[in-house]
Structures are given as C-alpha cells and as structure tokens.
Amino acid sequence: MADSRGAANGLTFHRLSAPSVLALARGEGGRAAVEELLTAERSRRLLLLRALADGLSGGDPAQPAGTDPMSHGAAWSLLGRAQREAPQAFEDILMCPHTGMWLSLALRRMRGATAYEDAPLWVVVGHLSALAAAAAARAGLDFTLTVPVRHGRVPLPTLGCAVLAEATEPWGTAQVQARDGLLRITGGRETVTAGPPWSRAAPGWHAVRRLELDGTGSGKFLVLDELDPYRTFPHPSPPRLLSAAEARTWQDLISDAWEILRRDEPESAEAMRVGLMSLAPTPARERYRPHSVTAGDAFGGVMASRPDDVAQLAATLVHEFQHTKLGGLIHLGPLSAPPAPKGAREQLFYAPWRDDPRPLSGLLQGIYAFAGVARFWCVHRHAADAAQAPMAHFEFALWRAQVSSTVELVHRHEHLTALGRRLLGALRGRCLQWMAEPVPPAELALAQEAADDHRARWRAHHLRPPAAAVEDAVWAWRRGADRPPAALAVRPKLVPDAETRYLDTAAVLARYRLGDPAADPSAVEGACAADLLLARGDLPGAREAFLAQLGGKQPPSAAWAGLGRAIADTPELRDASRLLRHFPERACAVQSALEHVTGQGADPVELARWLGRGEAQES
C-alpha cells in the first residue's frame, strides 16, 4: 500500500513505493501500483468532500421559488451514518468515478469557475443528497431525505435512476424515503418504488447495469453506466438508456476484450481488475475513429463509443487506463511546471494523435496513453489471427513511431519536473526497444506514410513562415531567382487553426485497406477524391485531383501535402515532393501571397520545385 510519511506539522502525505514508481514510469504498473494510487485517491476524495462541506456551511445556495429548501446538513449527517454502519457501501459510493467528477465540478462551480452544465448551483451541490441517499440505502438505513430532480429524473448513484414522468420543470426536488430496504421516490403527486433488490426493474425505475468481465466466477463487474449525470466528461449529461440487445452486445464485447487483455496484457488486466470501475457507452462513431474519454477527477471511469471490433475495444481500455494511472500519479506529483498564468502565451506542440496543437501537460498525457497502445499492439500482433495481423502490425508500427518522435521532442524540456524527466527517460528506453522490433515491410510503409501525412497536414494548417521571408520569396519568384531566400527556412510561427479536422485521414484509409479492402472508403470524413486515389495507389490520378483543388478558390491547405505524396515517384520532382511532404506551409504561404500581389498563383508543381531548391531544414 502507499507509504504515508509524517510531516513536521503532523499531516501525512502519500508516497508511492519505489517499485510502483519504476513501473508507472515505464508506462506499466500492475495491481500493487494501482492499489497505491487508489489509496491516495481515497484521501483526496475525502478532502474534497470536506472542502465541499466547509463551503456549504456558510449557507445553502439559493433555492428555486416554490420548492422546499434542501438540507445539506441532513445529507452530510446521513452520509456519516452510512459510513459508520456500512463502511464498504460508503467506500463504493466515495470511490465511484462519477463521485470524483461531481466533487471537482461542484467545488469549481462554487468558486465561480466555468459551469459545465446548465443546472443551477443548488442542483449541482444538491447531488450530495443523492449520494447520501444511495449510501444510506445500501447501508440498510431507514431515512427520509430531499434530493434534486433533473428534468424529471432522480439519479441515485450506484443504484439507479427514478423517472418522474409528470415533472414539468427542468429542476426540482423529490423526497426519498427508505423503509426496510424499500425506496419510495416522491415528486409532486407521483411516487416511484424501487427494491428490494434495487437491481430489479420496476415502473419508473431504471437500475444500474453491470457487465461481468469474465466467466471465471471472479465476481469482477464493470458498471455499464447509462444513468449517472456525471458519467460523461467533462460535461454532465442526461441518461441514455440502452436496449436489451445493445446491453448484450456490450457484454459480449467486454468479455471478449477482457480475454484478449488477460492473454496479451496480463499485468494491465490485473491492474484494471481493481482500478477500472465503470464504462459509459456512447453510440458508434465513424469506422476506425472510435471515441473515448477519461478524466483525472474520475479515477476508474471510461466513456467509450461502441467499437468496430474486440481488439479495438481492448486497445481503447488500455489507452484510457493509461490516462487513469497517469492522472493518479499526477495527483501525487506533477510532471511539468504549472500552466502559464492567464493571459500569458503557453507553448504548444505537435501531437501526432490530435488535430490541434497541445500544451506540454496535454502532450505528456498523450505520450503516456499511446505508449500503452503501442505496447498492446506489440504483443497482440503476434497473437492475432492471420486476417487481423496486418492491422495489428500497422497499429504497432504507427504508434511506436508517433510516441518515439514525440518523446524525442520534449524529453529534455526545461519545464519538466524530476518525475517528468524520469518518466520520459523510461519511456524513451521502451521506444528504442520497440523501434528495433521487426515489422512486415508493407505495414511498415503504410504506417510511415500515415505518420508523415498527418504531420505534413498539421504543418500546412497550423504553421506560418515569417511574413517578411514570404514577401521576399514572392519577389524572388517574380524576378526569376534561382532559389527562394534562406529566410524562408526560419522556424515558422505556430498559428492554431481551430477549424482543422480529420488530419488522420491517411491512417483511416490505410485501415480500410488492411481491414476490409472490399469496403467503400468514400464515406470517410475528411477524405476527398484525391485522397481516395492516393489510397488506391493511383498517383497520376491523385496528382491531377490535387492540382484541381489547388487551382480553385480557397484551396484546402492539406492539398499541398497530398500533392507532395502524389509526385513522390517522379524522379525529377524529388525535391518538390520532399518540400511538400515536410514543409507544405512554405508553398501554401507563398502561393497565397502571390495571389494577393499578382491576382493569380503559380503552377503548384513548378512553385514546389523552386521552393525545393531552398534550405532543407528549419533554422
């Protein structure tokens, strides 16, 4: 368990054991390390609860007209009774991921921070009463308590949600009464009755569903959370009920994914057995673009879209549990210096898994999460069946390269703490090992192409060469100079383009090619006709299509990167291709300036050929 050492003022602080620190720094960490993180997280939650109680002691938030005031003192007292009478029931409520999310949002809201939901403050902090009612019910206590109503729904965390169909106001209150295990939730003239047991369906009552992780009788369940408002991060949301068929599908998916994890990621599986608590399902997204989220304040909770297949779900669970572990670690010690003060410019970086530039703290999260993804695919590619192995090899090759290049970018950054440097140093060593692993040539080439395409598109959208250098380049072009000015190779300025989307198009199209060559990829968001021609290997056709885009009005910036790939097999255009695949922002900026000065742009290929005679690297 976590080591707590006394301080001069009598307080104790959680410290991880040396083996756990070493394991977590490598991106790993099994059951013992996660138990230590959970012990520290428990203390944090108790402190947050106390901070909330202290904040409420000065007077309840304003109540809506026409409703009975909620007694936060009564809720606090009932929660204390539940802790004394049934400590395990209290612990389950306290350590529920959504309790952590709610505590964080409620405290920030009380202190005037941005609201992540439209509920009034009294409803947000009133969730304390819902927690108390749920804990007391699980403790077998008899009680009566007033709780908030959200759009006719009364969530009782870890138990279920009552629906008051006659409620007409978005926010209100209901009375929860417990007698001998029977719950009666009354709002206005309407009453919903639940239990015992609470898992049994009843009119107006939706019980929490649980998924069994395996069929070994281990008793490990994962909450399939459709109900709790704080199950989605960071914005709370109303319940989204699954059909019976959807719930069965999720049970099958999670059981099969768990089998893969037990075989390929046994240490992670054991860690998840104690640290993974709930999964909030969301509808399927576009193929090969699953969506998943965790939050540092919601230790153990994952929000995930329905996956394309079982291996994808297994990788998603590994990815998100990496975030969970890192979030717990950061609560004990930061990896980087605090963010820049409000109004100050924060340094942003290229993140190969995002469309947008990221601050150092966010980049570290991505590095850690995708290190886990690379580790998963490194093993799974050897266990996957013959039809799935090419995709697994591709995923491993892609993510090891993306993580490795990003670690190299920041592992010596001055804003890293000692812990941050230690973590990146350990991950750098793992990346070196991964990069030495053999990958079949076809999948390796696809992965490299996808990685290069993402970076080139990102540069085209977010980087701007120095304005003076662009102006000089325009005049040099018009004078017929042999090459562009050297100043054009000066490090460009980062100007984030908030509208940038789908920079991973090449990777998605590669997955279509590997996973289902007969499928039609034309519906891939962000993929134009030229991208589809590239994916099919029709370079001449792609070249003409990209040239048509660049000859139109307001051509997409990414078309320059695509053109670079389309002319890559033409020997006399080697320098032009290199320029567009590595520094497309130069062509984009100079062409735009030419159009502004002369009213028309240059031939894109000839301009790229000319720009390719310039400096090859940034200075």
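Placed above this text is the structure.
Okay, so let's go over this structure.

Quick notes on the rules
Residues numbered from 1 in each chain as written. Predicted model: local features only at pLDDT ≥ 70, side-chain atom pairs only at ≥ 80, totals over all residues. Heavy atoms only, no water. Helix = DSSP H or I, 4+ residues; strand = E, 2+ residues; numbered from the N terminus. Rg over C-alpha atoms; globule rule 2.2 N^0.38 Å. Buried < 20%, exposed > 50% of the residue type's maximum accessible area, 1.4 Å probe, protein only. Phe/Tyr/Trp six-rings, centres within 6.5 Å; stacked < 30°, edge-to-face > 60°. Lys NZ or Arg CZ within 6 Å of the ring centre and 35° of its normal. Axes fitted to C-alpha atoms, helices over the stretch in contact; angles between N-to-C directions. Parallel < 35°, antiparallel > 145°, perpendicular 65-115°, else oblique. Left-handed = near helix turned anticlockwise from the far one by under 90°. Contact = heavy atoms within 4.5 Å. 1 Å grid on protein atoms, 1.4 Å probe; cavity = no way out; pocket = protein on both sides within 12 Å on 5 of 7 lines; lining within 4 Å. Points joined across faces, edges and corners; volume = space filled by probe spheres on them. Nonpolar A, V, L, I, M, F, W, Y, C, P; charged D, E, K, R; others polar. Expected span 1.5 Å × (residues − 1). Pairing = 2+ DSSP bridges. Salt bridge = Lys/Arg side-chain N within 4 Å of Asp/Glu carboxyl O. Disulfide = S-S within 2.5 Å.

Glancing now at the overall build of the protein chain. Tallying secondary structure elements over the protein chain gives 22 helices and 18 strands in all. Computed over its C-alpha atoms, the radius of gyration of the protein chain comes to 28 Å, within 12% of the 25 Å expected for a compact globule of 619 residues. Overall, the protein chain is about 90 × 55 × 55 Å in size when its C-alpha atoms are taken along their principal axes. Residue burial in the protein chain is summarised as follows: out of 619 residues, 53% are buried.

Once that is clear, we can look at the packing of aromatic side chains. On inspection of all chains with the given rule, the structure shows six aromatic pairs. Plain terms: the ring middles of phenylalanine 376 and tryptophan 377 are 5.0 Å apart, the flat faces sit at 70 degrees to each other, and that makes the pair edge-to-face. For the pair formed by phenylalanine 376 and tryptophan 377, the shared burial category is buried. Plain terms: the ring middles of tryptophan 477 and tryptophan 610 are 5.4 Å apart, the flat faces sit at 70 degrees to each other, and that makes the pair edge-to-face. Of the two residues, tryptophan 477 sits in helix α15 (residues 467–479) while tryptophan 610 sits in helix α22 (residues 604–611), which places them 133 residues apart along the sequence. Given a relative accessible area of 3%, tryptophan 610 falls into the buried group. Three or more aromatic residues joined by ring pairs form one cluster here, namely Trp353, Phe370 and Trp399. The ring of tyrosine 512 has arginine 287 lying over it, and the distance from NZ or CZ to the ring centre is 5.4 Å. A cation over an aromatic ring shows up here: arginine 586 above the ring of phenylalanine 583, its NZ or CZ 4.0 Å from the ring centre.

Bringing the packing of helix α12 (residues 389–410) against helix α13 (residues 418–435) into the picture now. Interaxial distance between α12 and α13 falls to 9 Å at its minimum, and their mutual angle equals 140 degrees. In terms of orientation, α12 and α13 fall into the oblique class. Seen along the crossing, α12 lies across α13 with a hand that is left-handed. Residue-level inspection shows Phe396, Arg400, Ala401, Val403, Ser404, Val407, Glu408 and Val410 of α12 in contact with α13, the latter providing Leu424, Arg428, Cys431, Trp434 and Met435.

Our focus in this paragraph is empty space enclosed by the protein. Across all of its chains, the model carries four cavities of 30 Å³ or more by this definition. In this structure, the largest cavity encloses a volume near 70 Å³. Around the largest cavity sit Leu105, Arg108, Arg109, Thr114, Ala115, Tyr116, Glu117 and Val124, which together line it. It is helix α5 (residues 97–110) that contributes the most residues to the lining of the largest cavity, three residues altogether. Its residues placed into classes, the lining of the largest cavity shows four nonpolar, one polar and three charged.

Moving on to the environment of histidine 151. Counting through the fold element by element, histidine 151 comes out in the loop between β3 (143–150) and β4 (153–156). Spatially, the C-alpha atoms of histidine 151 and valine 163 are 8.9 Å apart, while their sequence positions differ by 12 residues. What histidine 151 contacts, discounting residues up to four positions off in sequence, is Glu169, Pro170 and Trp171.

The periodicity of an α-helix, 3.6 residues per turn, causes residues three or four positions apart to be oriented the same way. With 14 residues, helix α3 (residues 72–85) ought to run about 20 Å at 1.5 Å a step, and its terminal C-alpha atoms sit 20 Å apart, in line with that. Here the buried face of α3 lies against α2 (31–56), α4 (87–95), α6 (121–125), α7 (127–138) and β3.

Both trends apply: most residues other than glycine have a negative phi, and most peptide bonds are in trans. The amide bond that connects glycine 195 to the next residue, proline 196, takes the cis arrangement and shows omega of -20 degrees. Counting through the fold element by element, proline 196 comes out in the loop between β8 (190–194) and β9 (205–207). Along the chain, proline 196 connects to proline 197 via a cis peptide bond; the corresponding omega equals -5 degrees. Within the secondary structure, proline 197 is located in the loop between β8 and β9. In this structure, histidine 151 is a non-glycine residue whose phi angle is positive, near 50 degrees.

Once that is clear, we can look at the sheet that holds strand β10 (residues 209–212). Ordered by their spatial adjacency, five strands build an open sheet running β10-β11-β12-β14-β13, and the pairing between neighbours is mixed. Each edge of the open sheet carries a strand with a single partner, namely β10 and β13 (292–293). The pairing of β10 with strand β11 (residues 221–224) spans four bridges and is antiparallel. Bridge pairing in β11 places leucine 211 opposite leucine 222. Each of β10, β11, β12 (278–282) and β14 (301–305) is contacted by helix α8 (residues 244–264), which is oriented at about 30 degrees to β10, the strand it contacts most.

Bringing the layout of surface pockets into the picture now. Counted as a void, the second largest pocket has a volume near 600 Å³. Forming the boundary of the second largest pocket are 27 residues, of which Asp92, Met95, Cys96, Val223 and Met277 lie nearest the centre. Only α4, α5, β4, β11 and α9 (266–275) provide two or more residues apiece to the lining of the second largest pocket. Per-element accounting of the lining of the second largest pocket gives the leading share, four residues, to α4.

Enumeration according to the criterion identifies 35 salt bridges in this entry. Taking the shortest distance from any N to any O, the salt bridge between arginine 44 and aspartate 297 comes out at 2.7 Å. Taken together, the residues span a long stretch of sequence, with arginine 44 in helix α2 and aspartate 297 in the loop between β13 and β14 at a distance of 253 residues. Residue classification places aspartate 297 among the buried positions, given a relative accessible area of 10%. Across the pair arginine 50 and aspartate 54 runs a salt bridge whose closest N-O atoms are separated by 3.5 Å. One end of the pair is arginine 50 and the other is aspartate 54, both in helix α2 and four residues apart, which spans about a single turn. Each of the salt bridges in this network shares a partner with another, and the network as a whole consists of Glu41, Arg44, Arg45, Arg108 and Asp297.

This part covers the environment of leucine 24. Tracing the backbone shows leucine 24 in helix α1 (residues 18–25). For leucine 24, a relative accessible area of 1% translates into the label buried. Look past the residues within four positions of leucine 24 in its chain and what remains in contact with it is Leu16, Gly29, Ala33, Leu37, Lys325, Leu329, Tyr368 and Leu423.

Quick look at helix α11 (residues 360–383) now. The end-to-end C-alpha distance of α11 is 35 Å, a good match for the 34 Å that 24 residues give at a rise of 1.5 Å each. Burial within α11 is extensive, with 19 of its 24 residues counted as buried.

A complete count under the given rule lists zero disulfides for this structure. For the unlinked cysteine cysteine 378, the closest cysteine sulfur is that of cysteine 431, found at 11 Å. Overall, the relative accessible area of 12% leaves cysteine 378 in the buried class. Left without a disulfide partner, cysteine 588 is nearest to the cysteine sulfur of cysteine 528, which lies 15 Å away.

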